[in-house]
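Summary of structural features
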Amino acid sequence: MTTPLREERDPGLQPERTRLAWRRTTLSCTVVAVLAAKALLHDRDSAAGIVAFAFCCVLWLAFLGLAHRRIRALAAAGPAGPAALAPRRAAAAALCTVALAVFAAALVF
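As the structure is a computational prediction, the values presented were derived from the model and not from experiment.

Structural notes on the nonpolar core
Among soluble globular proteins, nonpolar side chains are generally buried collectively. Core analysis: the biggest nonpolar cluster contains 17 residues, and Trp-22, Cys-56 and Phe-63 have the highest contact counts within it. Among the secondary structure elements, those contributing two or more residues to this core are α1 (13-42), α2 (47-76) and α3 (87-108). It is α2 that provides the largest number of residues to this core, a total of eight residues. Look past the residues within four positions of Cys-56 in its chain and what remains in contact with it is Ala-36, Leu-100, Phe-103, Ala-104 and Leu-107.

Here it is, written out as structure tokens:
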């Protein structure tokens, strides 16, 4: 019995898709931060809203830095592909994303 030929995987496609996913997530975080600013401007008298907005800004900047660093690493990788994302950076990106969503929801409700 003969085995079917396995197609070789193009290593250049996965890093590009990953880079695009980082850009999409960065755009989503930016939209959340802008909507948080709009919610704060609508209800200016809330001290908790100001604190939540400040945390949104800090988390957005932190995620932006992490994503920018990863996008650059993906773009600079050669044919062998990029190095794996460090678990600490992956956890930091996930924490920024979840915390940003929580603080933005706190501003809306």
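Having seen it, we continue.
With respect to the side chain of Thr-26
With respect to the helices and strands, the residue Thr-26 is situated in helix α1. Discounting chain neighbours no more than four positions away, the residues touching Thr-26 are Trp-60, Phe-63, Leu-64 and Ala-67.

Quick word on the packing of α1 against α3
Relative orientation of the contacting elements α1 and α3 amounts to 25°, with a least axis distance of 9 Å. When the axes of α1 and α3 are compared, the pair comes out roughly parallel. The element α1 and its partner α3 pack so that their crossing is left-handed. Contact residues: α1 offers Trp-22, Cys-29, Val-32, Ala-36 and Ala-39, while α3 offers Ala-93, Leu-100, Ala-104 and Leu-107. Looking at the contact of α1 with α3 residue by residue, the classes come out as nine nonpolar, no polar and no charged.

What counts and how
Residues numbered from 1 in each chain as written. Predicted model: local features only at pLDDT ≥ 70, side-chain atom pairs only at ≥ 80, totals over all residues. Heavy atoms only, no water. Core = buried A, V, L, I, M, F, W, Y, C linked by side-chain atoms within 4.5 Å. Buried < 20%, exposed > 50% of the residue type's maximum accessible area, 1.4 Å probe, protein only. Helix = DSSP H or I, 4+ residues; strand = E, 2+ residues; numbered from the N terminus. Contact = heavy atoms within 4.5 Å. Axes fitted to C-alpha atoms, helices over the stretch in contact; angles between N-to-C directions. Parallel < 35°, antiparallel > 145°, perpendicular 65-115°, else oblique. Left-handed = near helix turned anticlockwise from the far one by under 90°. Nonpolar A, V, L, I, M, F, W, Y, C, P; charged D, E, K, R; others polar.

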